[in-house]
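Tertiary structure, described
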Amino acid sequence: MELVRLKLVTIVAEAILEKRLLEEVRRQGAKGYTLTDARGEGSRGLRTMDWEGKNIRLEVIVGEEVAERILRTLQENYFPYYAVIAFVENVEVVRGYKYV
Amino acid sequence: MELVRLKLVTIVAEAILEKRLLEEVRRQGAKGYTLTDARGEGSRGLRTMDWEGKNIRLEVIVGEEVAERILRTLQENYFPYYAVIAFVENVEVVRGYKYV
Amino acid sequence: MELVRLKLVTIVAEAILEKRLLEEVRRQGAKGYTLTDARGEGSRGLRTMDWEGKNIRLEVIVGEEVAERILRTLQENYFPYYAVIAFVENVEVVRGYKYV
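Attention here is on the structure that accompanies the text.

Calculation notes
- Residues numbered from 1 in each chain as written.
- Chains lettered and ligands numbered in written order.
- Predicted model: local features only at pLDDT ≥ 70, side-chain atom pairs only at ≥ 80, totals over all residues.
- Heavy atoms only, no water.
- Contact = heavy atoms within 4.5 Å.
- Buried area = accessible area lost by both parts, 1.4 Å probe.
- Salt bridge = Lys/Arg side-chain N within 4 Å of Asp/Glu carboxyl O.
- Least-squares fit on C-alpha atoms with pLDDT ≥ 70 in both.
- Buried < 20%, exposed > 50% of the residue type's maximum accessible area, 1.4 Å probe, protein only.
- Helix = DSSP H or I, 4+ residues; strand = E, 2+ residues; numbered from the N terminus.
- Pairing = 2+ DSSP bridges.

**What to know about the interface of chain A and chain C**
- Facing 23 residues of chain A, the contacting portion of chain C comprises 25 residues.
- Across the chain A/chain C interface, buried area totals approximately 2000 Å², and carbon plus sulfur atoms make up 46% of it.
- Looking only at chain A, the three residues that lose the most surface to chain C are Arg 39, Glu 41 and Phe 87 of chain A, adding up to 30% of its buried area.
- Ionic pairing is found between Glu 59 of chain C and Arg 57 of chain A, a salt bridge with its closest N-O pair at 2.6 Å.

Okay, here's the thing in structure tokens:
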């Protein structure tokens, strides 16, 4: 079976950011997403009060360039102001054309 | 500590497929699973109406051969008809014998 | 963008262990965590009755040494007695200093 190597970008953020982050990843090129509700705690941005609480865990599978764009947007517009973390993993998918 | 390298297969699908997919991964050789409720959106199979909605996120840790069998089954029997994505990652586990 | 390579440790366990496991990962050096509710099934430790049921899926991003300490603790104090699995993945993060 032919597997295509792509990037899985996982963003964990305050639940209040859900709508904005979905728009953001779409704008940067993600064709789909998976979203789960989560709880969490971590070191903080400015809005410290919201972080130890309701979070979302947002996953997108994208090409390397889109992954880079998403991370850059997070770094510039979210990390300084909100409780957000993001990490990237290598994944292999069937039907890679669906994601790029 | 001795870590064993295995495959983490993550399947995101319409919630209605939960029971069938659990039977499927067991039949292909998975010894256990983790299941979380999710929401999502993505490019579609035939049943377009169901996809922007309630999903499951199903994880199994398996050997390479079982991972391949699971992906093949999904490709033949699910991808053409349902809103399903699947991706594979390398993971390291303690007590690898539990998974194969 | 500068990405730092760290370890994502995922622990899936009986929900009853949530508080203890959070204390444990903090004690071993994790600076934050993400927690989602899950269901699951798998081969068992001693407390077989609890496993096919409510689980937590706990994620921490840590350096290699902390990952090793967490796995060792799980192996010594949890795996023999509870329904717990753990796996490790390589991840890349922005702002790596937040995690170590």
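**Looking at the relation of the copies chain A and chain C**
- Of the transformation superimposing chain A on chain C, the axial component is 0.0 Å and the angular component is 120°, with the fit at an RMSD of 0.0 Å. Within this description, the copies of the chain are treated as partners about a three-fold rotation axis.
- Comparing interface residues between copies, only 17% of those in chain A also sit at the interface in chain C, which points to a heterologous contact through distinct surfaces.

**Notes on the relation of the copies chain B and chain A**
- The operation relating chain B to chain A is a screw motion whose rotation component is 120°, with 0.0 Å of axial translation and a residual RMSD of 0.0 Å.
- Comparing interface residues between copies, only 17% of those in chain B also sit at the interface in chain A, which points to a heterologous contact through distinct surfaces.

**Digging into the pairing of strand E4 (residues 84–93) of chain B**
- Taken across its 10 residues, E4 of chain B has eight buried, putting it largely inside the fold.
- Examined bridge by bridge, strand E4 (residues 84–93) of chain A and E4 of chain B share two bridges and lie antiparallel to one another. If you follow Glu 92 of chain A over to E4 of chain B, its bridge partner there is Val 88 of chain B.
- Across 10 bridges, strand E1 (residues 4–14) of chain B lies against E4 of chain B in antiparallel orientation. By the bridge assignment for E4 of chain B, Thr 10 of chain B is matched with Phe 87 of chain B.

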